[in-house]
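A closer look at the structure
Here is how the chains run, residue by residue.
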Amino acid sequence: MTCQDLADFLMDYIEGALPQTQRDEFDSHLGACPPCIEYMKSYEETIRMGKTLCDQPDAPIPDDVPEKLIRAILSARAKSAS
Ligand SMILES: [Zn+2]
């Protein structure tokens, strides 16, 4: 697994959506690649921020939230509204 693969699947990993074999590859990559650990930490931080935003539907979304996360937040809001 490369750093790019890790970045691509990070959201699935955090959500627990990855199959066990891929989780194992993830874990072994993380164990050997400090930059990816840092990346994952900042990603988790962004997700926490996103969850806060989901809990406050009227709160404005900060400009520095990644586009992908904004879409995830908006779809989560749409789901909880229905
Ligand atoms: Zn890496």
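Being a predicted model, the structure only gives us computed values, none of them experimental.

Side note on the overall build of the protein
Scanning the protein from N- to C-terminus turns up four helices and zero strands. Ordered by position from N to C terminus, the α and β elements of the protein give α-α-α-α. Within the protein, the proportion of its 82 residues that are buried is 5%. Considering only intrachain contacts with a sequence separation of at least 6, the fraction spanning at least 24 residues in the protein is 28%.

With respect to the confidence of the model for the protein
Scored by pLDDT, the protein has a mean of 84; 95% of the residues are at 70 or more. Per-element mean pLDDT across the protein ranges from 75 in helix H4 (residues 67-81) up to 95 in helix H2 (residues 20-32).

Topic: the environment of Thr 46
Within the secondary structure, Thr 46 is located in helix H3 (residues 34-55). A count of 15 C-beta atoms within 10 Å places Thr 46 in the partly exposed class. For the pair Thr 46 and Leu 69, spaced 23 residues apart in the sequence, the C-alpha separation amounts to 8.2 Å. If near-sequence neighbours (up to four positions away) are discounted, Thr 46 is found in contact with Val 65, Pro 66 and Leu 69.

Considerations on the packing of helix H1 (residues 3-15) against H3
The interhelical angle for the contact between H1 and H3, taken along N-to-C directions, is 35°, at an axis separation of 11 Å. In the crossing of H1 with H3, the sense of the turn from one axis to the other is right-handed. Across the interface between the two elements, Cys 3, Leu 6, Ala 7, Leu 10 and Ile 14 of H1 pack against Cys 36, Tyr 39, Met 40, Tyr 43, Glu 44 and Ile 47 of H3. Looking at the contact of H1 with H3 residue by residue, the classes come out as 10 nonpolar, no polar and one charged.

Calculation notes
- Residues numbered from 1 in each chain as written.
- Predicted model: local features only at pLDDT ≥ 70, side-chain atom pairs only at ≥ 80, totals over all residues.
- Helix = DSSP H or I, 4+ residues; strand = E, 2+ residues; numbered from the N terminus.
- Buried ≥ 20, exposed ≤ 12 C-beta atoms within 10 Å, placed from the backbone.
- Contact = placed C-beta atoms within 7 Å.
- pLDDT = per-residue confidence, 0-100.
- Axes fitted to C-alpha atoms, helices over the stretch in contact; angles between N-to-C directions.
- Left-handed = near helix turned anticlockwise from the far one by under 90°.
- Nonpolar A, V, L, I, M, F, W, Y, C, P; charged D, E, K, R; others polar.

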